[in-house]
Amino acid sequence: MKRVTQAGICTLSADSSEYQRNEAMKNWNHLPSGEIELTIESEAYLELAKDDFLIHQYDDARQELEVAVRSANPQAEYLLGALYEHALGVDKDKEKALLWYLRAANHGYAPAQTAAATLYLAEDDVMTDYAEAYRLLTLAVQKEDADGNDGSRSVDFPDPAECFDEDERWMVVQEGYAEYLLGWLHRSGLGVAIDHEKAISWIEKAAKKGWRAAVFELAQRSEYGIDRNEVWAKKAVEYGEYDPLISVALRYLEGHGTPEDSEKGLSILTALADKGIGSAQFTLAECLIKGKNMPKNADKALHYLSLAAQNGFAKLITGLGIVLYKSEETEIDPDLAVKCLELAAAAGDDEALVELGNLYFDGAGDMAPDQEKAFRYYLQAAEKDVPNGWELVGYCLYEGKGASQNRQEALGWYEKAAEQGLYNSYYMMGMIYGYDETLFNYEKAVSYFEKSAKLGQTDALVRLGTMHLHGVGTIPPDQQKAFQYFSQAALSDNSLGWEWAAYCHYWGYGTQQNRQKALQCYHAAAKKGSCHSQYMLGYIYGYDVAPPDFKKAARWFKEAARQGHSDALLKLGFYYHHGRGVKRNYKTAFKLFTQAAAQGDATAMYNIGDAYENGYGVEKDEKQAFVWYQKSAELGDKCGMFGTGRLLFGGIGTQPNRVEGRRWINKAAKAGLQDAIEWRPQ
């Protein structure tokens, strides 16, 4: 029972100046005023309310508390505030909550003082008042300290947390919270001057009272110093939280803002790992693999990884395996990656099978690709119902990589993956039905591309556009629909979508011809790396605007040429040869022609022959000139035909053969080359 006066009552005026300070209280005229008595009846109704709190009968609890607060019953007042703050059996009402908290606070109840302070600390709220929050928190900690001296909990009421079950105790003020908030205010400078020493002092007091957030903050904030971090990280271990101490160990190992002490860091990690803490086992293994201020030791690392795998860290081990064969920041070690991934797979992470397949499919470091082995891993993943495994098995069968090509079978795997939401599988099914000669079914192709597009696969929009642009199978041409698909893809920032939309604007397919909009779309695609769009910008600026802008044209031809675009290489070579938009440079031109010719460009081959015949950027060599003219001619280039004919007719760089020479010249003339038409023997 609570303490009472000798007369059996305890009196406290409700009209205190503190009560009057809150403007919101003016509206609650139904509250009792004057002298309020603490009675046996009040205590009885409070006990009934507590029982109803525990069984979540909040409406009954509210009615009982409203009787209890007719007397000066701070805990009943506090609990009424909690009902309104957390909407327990009543509508959420912060003003009413604050009213009841302040009433209990005025009666000296420390939890209510803290609860009221938290409402004043609410950001973006009309009741925010940091100074008042600081005042109430100071009262709360003074009251708690005073009560603590005689073993009580603020005016001799028990901890309010006892009124709630374990799942709901977060809703009530618990010990240490007021101290923690005071520390936060001193650190932030809200309602009080910034004082880091006082902030740390209050947060440590909160931690000593068991406020876990304070413990974790002291353990983790590096500005508090490594020594303090270590002390409180060890306290966090008592709560079953090991990450703060692991972080301390890593700071000792790496020396980030901390004097390096690799021996101490290793000792902490090893002790935790040997106690069976999975996160420490994994972290220690990672350090042993990467050699973080300690000798690398792959065997020891694998030992700890195997322990971590048993403790549920298989997915993290998969991630480590991926880093070991993919990362640009960590030294590649594909053999160790395989061992990590195999450990993870054995521990039940089936995604590790997919990663093993990926590793063998592409190879890494000194490990050569082994697509057959990759396919076996993909198949294992697929048989364990890993959707990515289904899709990758489908891909291998589609391409014939690691397994015999079988697109009919690939369809089955793609269908399973698609049912699990892997939209790319719908896309691949569309590709099979749309482009495989033995499985043509354009209606099905369109259907699957549409499903894929609805799920966000923007390449499918481009495919739908190309199929409707010219018509396929029973699907008639529909240029407007094609343009709509291309535009949707472009709006999703798909590079090919921009490029095809530009194509439609340029030629007026499905929309009005608009070269300016074409330029805008080509620019968008070019910025995303489309070499064809870069080439088209060069072509438009150099050949399709008046006046031509050769400098812009040359710049875009350069961008496309860097990606090996053969037409761009040819055009850029021509620009260097003639000094168009760039400074004339025959050597650079010859080099560009050679790169284009390597891709089978007949015009570039003719230009190489011309360079050898006339000594443009290369030493004059009539034999080489004939070789390149002939290559160009055989590929159907009319200039190459004429050059071949001239040299044969005159015996330049080759044995003379007037009959054969005339034949090539006549072919060039028939192809419309004016020089060949006008040619006469010298």
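Per chain, residue numbering runs from 1 following the sequence as it is written. Local features in this predicted model are restricted to residues whose pLDDT is 70 or higher, and side-chain atom pairs enter the listing and the counts only when it is 80 or higher, whereas totals over whole chains, interfaces and linings include all residues. Only hydrogens and water are set aside; all other atoms, that is, all heavy atoms of the structure, feed into the side-chain values.

## Topic: the overall build of the chain
Thought 1: Going along the chain from the N terminus, every DSSP run of H or I of four or more residues is numbered as a helix, and every run of E of two or more is numbered as a strand. Secondary structure summary: the chain contains 36 helices and 2 strands in total.
Thought 2: Accessibility here uses a 1.4 Å probe with only protein chains present; expressed as a share of the type maximum, an area under 20% marks a residue as buried, one over 50% as exposed, and anything in between as partly exposed. Every one of the 682 residues in the chain was classed for burial, and the buried ones make up 48%.
Thought 3: Contacts are assigned to residue pairs that have any heavy atoms within 4.5 Å of one another. Sequence-distant contacts in the chain: of pairs separated by 6 or more residues, those separated by 24 or more amount to 48%.
Thought 4: Total accessible area on the chain stands at roughly 33,200 Å², and carbon and sulfur atoms take up 47% of it. In these tables, accessible area is a Shrake-Rupley quantity obtained with a 1.4 Å probe, and a residue counts as shielded only by the protein chains included in the view.

## Quick look at the pattern of salt bridges
Thought 1: Should a side-chain nitrogen of Lys or Arg be within 4 Å of a carboxyl oxygen of Asp or Glu, the pair is scored as a salt bridge. With the rule as written, the count across this model stands at 21 salt bridges.
Thought 2: The salt bridge involving Arg562 is made with Glu559; its shortest N-O contact spans 3.0 Å. A residue pair is termed a helical-turn pair when its members lie 3 or 4 positions apart in one helix, as Arg562 and Glu559 do in helix α29 (residues 550-562) at 3 residues.
Thought 3: Through salt bridges with shared partners, a single network forms among Asp59, Arg62 and Glu66.

## Looking at the environment of Gly579
Thought 1: Its location among the elements puts Gly579 in the loop between α30 (566-578) and α31 (586-597).
Thought 2: For the pair formed by Gly579 and Phe550, sequence separation is 29 residues and the distance between their alpha carbons is 9.8 Å.

## Let's talk about unusual backbone geometry
Thought 1: Going from Ala546 to Pro547, the amide bond is cis rather than trans, its omega being -5°.
Thought 2: Of note in the backbone geometry, Asp493 takes a positive phi value of approximately 65° without being a glycine.
Thought 3: Within the fold, Asp493 resides in the loop between α25 (479-491) and α26 (495-507).
Thought 4: Relative accessible area serves as the criterion here: at 42%, Asp493 is assigned to the partly exposed category.

## Points about helix α11 (residues 226-238)
Thought 1: With 13 residues, α11 extends 19 Å from end C-alpha to end C-alpha; this agrees with the ideal 18 Å at 1.5 Å per step.
Thought 2: Along α11, the residues classified as buried are Ile226, Asn229, Glu230, Trp232, Ala233 and Ala236.
Thought 3: On its buried side, α11 packs onto α9 (196-208), α10 (212-220), α12 (243-254) and α13 (262-274).
Thought 4: Remark: Gly240 follows α11 within two positions and exhibits a positive phi of approximately 85°. Each helix should span, by expectation, one fewer than its residue count multiplied by 1.5 Å.

## Some points on the packing of aromatic side chains
Thought 1: Two aromatic rings from Phe, Tyr or Trp, using only the six-membered ring of Trp, form a pair when their centres are within 6.5 Å; if the ring planes differ by under 30 degrees the pair is stacked, by over 60 it is edge-to-face, and anything between is tilted. Inspection of the entire model under this criterion finds 26 aromatic pairs.
Thought 2: Between Tyr433 and Tyr448, the ring centres sit 5.9 Å apart and the planes meet at 10°, which makes this aromatic pair stacked. Separated by 15 residues along the polypeptide, Tyr433 in helix α22 (residues 423-435) and Tyr448 in helix α23 (residues 442-454) bring together distant segments of the chain.
Thought 3: Judged by centre distance (5.0 Å) and plane angle (80°), the rings of Tyr506 and Trp507 are edge-to-face.
Thought 4: Residue classification places Trp507 among the partly exposed residues on the basis of a relative accessible area of 46%.
Thought 5: An aromatic cluster is present here, built from Tyr535, Tyr539, Tyr543, Phe550, Phe557 and Tyr575 joined pairwise through their rings.

## Points about the nonpolar core
Thought 1: Grouping buried Ala, Val, Leu, Ile, Met, Phe, Trp, Tyr and Cys residues that are joined through side-chain atoms within 4.5 Å yields what is termed a nonpolar core. In this structure, Ile289, Leu305, Ile317, Cys340, Leu359 and Phe449 are the most contacted members of the largest nonpolar core, which totals 162 residues.
Thought 2: If near-sequence neighbours (up to four positions away) are discounted, Leu305 is found in contact with Phe282, Ala285, Ile289, Ile317, Leu320, Cys340 and Leu343.
Thought 3: In terms of nonpolar packing, the next biggest core, distinct from the first, is built from 45 residues, Ala68, Ala116, Leu136 and Ala178 among them.

## Some thoughts on the environment of Lys401
Thought 1: Its place among the elements puts Lys401 in the loop between α20 (387-399) and α21 (407-419).
Thought 2: Linking Lys401 and Gln371, residues 30 residues apart in sequence, is a C-alpha distance of 6.3 Å.
Thought 3: Setting aside residues up to four positions removed in sequence, Lys401 forms contacts with Phe361, Gln371, Tyr395 and Cys396.

## Some words on the packing of α10 against α11
For any two helices packed against each other, the geometry comes down to the angle between their axes and how far apart the axes lie.
Thought 1: Every axis in this analysis is a line fitted to C-alpha atoms, fitted for helices over the stretch in contact. Angles between the N-to-C directions lie between 0 and 180 degrees. One way to put it is that α10 packs onto α11 with a least axis distance of 7 Å and a crossing angle of 140°. By the angle class used here, α10 and α11 are oblique. Crossing hand, α10 versus α11: left-handed. Along its contact with α10, which presents Val215, Phe216, Leu218, Ala219 and Gln220, the element α11 presents Arg228, Asn229, Trp232, Ala233, Lys235 and Ala236.
Thought 2: Asp, Glu, Lys and Arg are counted as charged, while Ala, Val, Leu, Ile, Met, Phe, Trp, Tyr, Cys and Pro are counted as nonpolar; the rest, among them Gly, fall into the polar class. For the contact of α10 with α11, the residue count by class is 7 nonpolar, 2 polar and 2 charged. Relative orientations are named as follows: roughly parallel for angles under 35 degrees, roughly antiparallel for angles over 145 degrees, roughly perpendicular for angles from 65 to 115 degrees, and oblique for any other angle. Each crossing gets its hand from how the near helix is turned against the far one by less than a right angle, where anticlockwise is left-handed and clockwise is right-handed.

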